[in-house]
Amino acid sequence: WVEVVLDISPFADGKPHNLKFEANILEKEGLSSKASTDFLIDDVSVTSFNLTDAISVLKILIGINTDRYIDVNNDKKTGMQDLIYILQKISEIR
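The rules behind each value
Residues numbered from 1 in each chain as written. Predicted model: local features only at pLDDT ≥ 70, side-chain atom pairs only at ≥ 80, totals over all residues. Heavy atoms only, no water. Helix = DSSP H or I, 4+ residues; strand = E, 2+ residues; numbered from the N terminus. Buried < 20%, exposed > 50% of the residue type's maximum accessible area, 1.4 Å probe, protein only. Contact = heavy atoms within 4.5 Å. Areas by Shrake-Rupley, 256 points an atom, 1.4 Å probe, with all protein chains shown as cover. Arc of directions from axis to C-beta. Polar contact = N/O pair within 3.5 Å; in protein donor to acceptor, adjacent residues only side chain to side chain.

Across its full length, the protein carries two helices and three strands. Burial statistics for the protein: of 94 residues in total, 21% are counted as buried. Pairs at least 24 apart in sequence give 31% of the contacts found in the protein among residues at least 6 apart. Accessible surface for the protein amounts to roughly 7,200 Å². Of this, 55% is attributable to carbon and sulfur atoms.

Laid out in structure tokens, this is it:
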């Protein structure tokens, strides 16, 4: 196992939030396995992002209602900075 520490203090805003942990076993060989893990706050990954997250931000930016709220830089709005950060994480620039 690997210890993971997350700072969720930016979400201490007095509003209710959903915290979820996901673990997916990718391969299993004998006693060892490879897995991916993710922590999500309000359905937004705080450890990894994917193209679905980027598309959701694009929809929000052009005014299409989504059931997701994405604010990676915690400025209380979804903006171009969030999209750039997500794309950098996906492309492993960050």
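The next subject is helix 2 (residues 80–90). Within the span of helix 2, buried status applies to Asp82, Leu83 and Ile86. Down the axis, helix 2 shows its buried residues gathered within 100 degrees of arc, on one side only. Residues of helix 2 that are buried make contact with helix 1 (51–61).

Below, the discussion takes up helix 1. Listed in full, the buried residues belonging to helix 1 are Asp53, Ala54, Ser56 and Val57. Buried residues of helix 1, seen end-on, are gathered within an arc of 160 degrees and therefore sit on one face of the element. Packing partners of the buried residues in helix 1 comprise helix 2. N-cap assignment for helix 1: the residue whose side-chain oxygen lies 2.9 Å from the backbone N of Thr52 is Asn50. After helix 1 finishes, the residue Gly63 shows a positive phi value of roughly 95 degrees.

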